[in-house]
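Understanding the architecture of this molecule
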2 protein chains.
Amino acid sequence: MAPFVYKDFEHYKDERAALINRDRSPSLRPDFAQVLSEIETKADEVVRKIRTAEAASIWGAKYSDIVHPFPGMEFLTGRSIILKTKIFDILTKARAAMSSACALLHVHLDATLNPKLLLEFGLEEPAMHVCVSERLTSANIFTTLPEFRALPKDDWVLANSTCGLTDKDYVPNTWVQIRKARDTFDTSMGGPECFDQWVERALSISSTEAYRTHNTVAKVEYFSTLKFQGLVLFTPIWRKYIREFLRSSVEDQISYIEVRVVFAPEYMVGEDGAQDVPHREWLLIFDQVQKELKAKLERQGREDDFVGARIIYTALRFIPIDELEWHFQDCIALKKEFPHLIAGFDIAGPEDNLPPLSHYAEALLRFREQQKEALVDIPLILHAGETCGDGTFADMNLFDAILLGSERIGHGFSLVKHPKLMEICKERGILIEMCPISNEVLRPTASMPMHPLPILMNNGIPLAISSDDPGIFGNTGLSFDMYQVLVSSEVTGLTALRELARNSLKYSTLEREDKKRALESWERRWEIFVQGIVDTFVDANHAV
Amino acid sequence: MAPFVYKDFEHYKDERAALINRDRSPSLRPDFAQVLSEIETKADEVVRKIRTAEAASIWGAKYSDIVHPFPGMEFLTGRSIILKTKIFDILTKARAAMSSACALLHVHLDATLNPKLLLEFGLEEPAMHVCVSERLTSANIFTTLPEFRALPKDDWVLANSTCGLTDKDYVPNTWVQIRKARDTFDTSMGGPECFDQWVERALSISSTEAYRTHNTVAKVEYFSTLKFQGLVLFTPIWRKYIREFLRSSVEDQISYIEVRVVFAPEYMVGEDGAQDVPHREWLLIFDQVQKELKAKLERQGREDDFVGARIIYTALRFIPIDELEWHFQDCIALKKEFPHLIAGFDIAGPEDNLPPLSHYAEALLRFREQQKEALVDIPLILHAGETCGDGTFADMNLFDAILLGSERIGHGFSLVKHPKLMEICKERGILIEMCPISNEVLRPTASMPMHPLPILMNNGIPLAISSDDPGIFGNTGLSFDMYQVLVSSEVTGLTALRELARNSLKYSTLEREDKKRALESWERRWEIFVQGIVDTFVDANHAV
């Protein structure tokens, strides 16, 4: 092949600019400016300027408790620094003031709320109880985890007669009313406040756990998500939980949600403490709560702020095939009764340690046939490739997800290793639900600059970003994930965030008309947001 | 686009196998078995079996000093575990016994030898002196670094009359004979052995430095490489140093080397302590030493073990343009005198913090013209993209390296972000000199499973692996880097290592005939190696 030859250095520079242009996907190309409005270009410049300044001033400063801060660093360590930045203000306060919007496509309902609030909900319920496998002492408090359950009223007396979790006479595995457990918490161990800390610690991930003691996906994730269930799967809390989840999402300018709900066990615990509330009633409550919210927003003239929330029916990745078949039937029945609520079907769980999708592939093909017979359409929206493995089962799940016709892919972290699969995702418009902070806390990547997101972006693969388990990671809303993406690249700017936000609506399962409306409303708000950035920061530019 | 449709589950499985095949580059494809010999396929299976077994037995075991071991983990932490494995034995002892071969294409001469040996060389030379910027005490020994220099004989007496580095009367920045500094090292601080440890620590990177206190390319690398110079750039040590480097490389089955030598300063210190030895004499010594080694190997009937060593003339990336122009002339003059020794030209230094290639691009284009006039051909073999940055100067260096016609690319870590550049590398046969352990210790990646190497492999980009700064990292030879690549993937097997080894010769700058001979000899040895693995491990298969 002939070497590159240049007439002169100007020619070299022209060729260089052309090659950069060919290397990037349209939305990231310098000449994309041609389709950007003047005001967007200006806003993008402003944000880049602030980002560069803060990389030096805020991320370049010395902090006594953080050894080597940098933009895009480990989230659990760098979170306090993020909160100091103007860029984060733009993504939160500015977006709120100008009511921007986007969709949240990948989030697990039972890990959405912050543990503090969840504990508050628990303390409000006399039916809610807690137990431990051995009496809590200052020696075992860091390794002993609480278990929660709402008990029938008849059992409360019994529970009331027992002593607290830290009492000498505590009999392992006996239930104690959660409020009593808090009130009686040994004062020498810190009393009630220490109880709160113990529960909150158990329901979240600390930087030490994520970055030192655990340090792999499976170990970190596994130990947390399922522990939420005892608290959440109790109708009075379920109702409050969904209400708060939707409210706080709307507060962070999320206008539409597709939330994964694990439909196990078969029954939730009802108000009376009996575990007899079937899945259809879970959905009824979900529906009621979102209707209340919509009505409230409508009264405030804010109906555009919330298009709605739908559910991706989720089974767990360690169940036997016949149990999965049961879920198919359950899901089809729910879809028939609540066609507006069921958005899709998924099988979730830490891929590195659980059976691969190929194990369920034959059953999932039958699910298609069953849907045809039942005259329903439930798209697969499968987790796949949430791993840094190469050719491992978790990585190979991407082949099955795509061959099974998954309409989007949850995570797809290892997709970058597969040139042919990337081509298919691009051609078929299979969106990747990227969860940057989750990927970093659960350790497929060690920091955002090492994250493969720019590879997918440059290749023009449809992407949206999501928060995954914000209750556990502390990345409630979408602003934190946007922040991490924005500051970890010199290519990514405001216009890339625009693509990510637009994709989140465009690749949602919303019906054609709803989607059109949502996109139009999003477009209007985006223009206000961009204008707002320019108005706010260009005048005060000398302050940047 | 039509969804994937299948007649039955068999059909699904066929489509799946076909898609996997299309996704991988030929050398990694399951059907590549057709071009593998029966014995290669067997050896590959054996190695995979041992790898799987050791992932559980050796990497799954508990170690008191290593929190969460896994295959491909941080090298400086996991090195002691690697030494326990049969896979490492195969890559070292078995390769040695069967005299396998490959080329080392990316290594910096002044960081190749282990610090212990380098210190020994220093202690043998009465001219070699050391100084520190303040008297060494147990309080500052971890932060104070030694500086070395060989002095003219006239200055020795003066040096001898001074006191040691730890003496109360030590005057900052005065030279002390290195042997005297060792002998007089304060016994309350550990005496001579502690002196050795202090020097060795200064000349290498500890796991704490790499993974905690520094944690970025620039900070880690910068503080080490240049400190070797005072010891190495003294002709008696230079001679021993090159001799030992070539000897130990041949011991680790490296049959051909292209080593980067920084030609700064203009003169080396000669035997008499005067800094007056010009670059042509550096090369004369290099040539003599390798001729001696070749003669010795020939006498032993091992002439195939060492094809030779050539030099990539390297300038530093922080010099002004006019100084670079001086290097061009110097390099052309050396190429004319030693056409067999000068293999190429490079500009090196931590890319994240130094001027980008674009700064030197116009000059490098002129270098082409100068070569034409001088009737020499010195290929550019440039460092580029040794970063996890996205669109940063270091990342953008890849565009310039390619447009300037670099024949190979040193590192190319961030190449995976650039679809068009990958295409060009594939079409034009631009090999990427990947340095896995270096990338992990210097932190563009946090562990091998996160390394982008599989992306480049699946895309069929020509690759070879190299050790970069083995003296600093402790990855002497190529076996450690091969190990990390082999155990971090389920796709990569012995046959992928074959491709990496073959590439290292195929993409070297060896002349056509020499290359042909080297490849033929490599092929013969490979067959012996593969047969040896089967002979050794298939019989003892029950022991695997």
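The rules behind the values
Residues numbered from 1 in each chain as written. Chains lettered and ligands numbered in written order. Predicted model: local features only at pLDDT ≥ 70, side-chain atom pairs only at ≥ 80, totals over all residues. Heavy atoms only, no water. UniProt positions renumbered as here; feature names shortened; annotations may be inferred. Contact = heavy atoms within 4.5 Å. Buried area = accessible area lost by both parts, 1.4 Å probe. Salt bridge = Lys/Arg side-chain N within 4 Å of Asp/Glu carboxyl O. Polar contact = N/O pair within 3.5 Å; in protein donor to acceptor, adjacent residues only side chain to side chain. Helix = DSSP H or I, 4+ residues; strand = E, 2+ residues; numbered from the N terminus. Buried < 20%, exposed > 50% of the residue type's maximum accessible area, 1.4 Å probe, protein only. Axes fitted to C-alpha atoms, helices over the stretch in contact; angles between N-to-C directions. Parallel < 35°, antiparallel > 145°, perpendicular 65-115°, else oblique. Left-handed = near helix turned anticlockwise from the far one by under 90°. Nonpolar A, V, L, I, M, F, W, Y, C, P; charged D, E, K, R; others polar. Phe/Tyr/Trp six-rings, centres within 6.5 Å; stacked < 30°, edge-to-face > 60°. Least-squares fit on C-alpha atoms with pLDDT ≥ 70 in both. Pairing = 2+ DSSP bridges.

Under the annotation held in an unreviewed UniProt entry, chain A carries the name Adenosine deaminase and is attributed to Mycena alexandri. The UniProt entry for chain A carries the following text under Catalytic activity (unreviewed entry): "adenosine + H2O + H(+) = inosine + NH4(+)". The UniProt entry for chain A carries this comment under Subcellular location (unreviewed entry): "Secreted".

Taken together, the contact pairs 61 residues of chain A with 61 residues of chain B. When chain A packs against chain B, close to 5,700 Å² is buried across both sides, 62% of that on carbon and sulfur atoms. A per-residue breakdown of the area chain A buries against chain B is headed by A:Phe4, A:Asp390 and A:Leu403, which together make up 13% of the total. Where chain A touches chain B, the interface holds 2 salt bridges. One salt bridge connects B:Asp400 with A:Arg16, and the closest N-O pair in it is separated by 2.8 Å. At the boundary of chain A and chain B, one finds 20 residue pairs in polar contact (both at pLDDT 80 or more). If you list the elements that add at least two residues to the side of chain A that touches chain B, you get helix H1 (9–23), helix H9 (207–213), helix H15 (357–374), helix H16 (393–403), helix H17 (419–428) and helix H19 (453–458) of chain A. Counting residues per element, the side of chain A that touches chain B draws most heavily on H1(A), which supplies 8 residues.

All names here are of chain A. Assignment of secondary structure puts serine 25 in the loop between H1 and helix H2 (38–57). By relative accessible area, which is 6% here, serine 25 ends up buried. Within polar-contact distance, the side chain of serine 25 engages the backbone oxygen of methionine 457 at 3.0 Å. Sequence-distant contacts of serine 25, that is, excluding residues within four places in its chain, are made with Met457, Asn458, Asn459 and Gly460.

Quick look at the packing of H15(A) against helix H1 (residues 9–23) of chain B now. At a closest axis distance of 10 Å, the pairing of H15(A) and H1(B) adopts a crossing angle of 135°. Judged by the angle between their axes, H15(A) and H1(B) are oblique. Judged by the sense of rotation from one axis to the other, the crossing of H15(A) with H1(B) is right-handed. Taking contact as the criterion, the partners of A:Ser358, A:Ala361, A:Glu362 and A:Leu365 in H15(A) are, on H1(B), B:Phe9, B:Tyr12 and B:Arg16. Split into classes, the residues belonging to the contact of H15(A) with H1(B) amount to 4 nonpolar, 1 polar and 2 charged.

Residue and element names in this part refer to chain B. Taken as a whole, this structure holds 34 aromatic pairs over all chains when the rule is applied. An angle of 70° between the planes, with centres 5.3 Å apart, marks the rings of phenylalanine 75 and phenylalanine 480 as edge-to-face. Residue phenylalanine 75 is found in helix H3 (residues 75–82), and its partner phenylalanine 480 is found in helix H21 (residues 479–487); the two are separated by 405 residues along the sequence. Owing to a relative accessible area of 0%, phenylalanine 75 belongs among the buried residues under this scheme. Look at phenylalanine 480 and you get buried, because its relative accessible area is 6%.

Before going further, it helps to spend a moment on the relation of the copies chain A and chain B. The transform that puts chain A on chain B rotates by 180° and translates by 0.0 Å along the axis, for an RMSD of 0.0 Å. Both chain copies can therefore be described as sitting about a two-fold axis. Among all residues of chain A, the minimum C-alpha distance to the rotation axis is found for A:Ala446, at 3.0 Å. Most of the interface of chain A is mirrored in chain B: 100% of its interface residues are interface residues there too.

Residues and elements named next belong to chain A. The alternating pattern of strand E2 (residues 128–131) places Met128 and Val130 and His129 and Cys131 on opposite faces, both of which are buried. Both E2 and strand E3 (residues 147–150) contribute to a ladder of 4 bridges, which runs antiparallel. Counted as the bridge partner of valine 130 is phenylalanine 148 from E3. Sheet topology note: the E2/strand E4 (residues 176–177) ladder contains 2 bridges and is antiparallel. Its bridge partner lying in E4, valine 130 is registered against valine 176.

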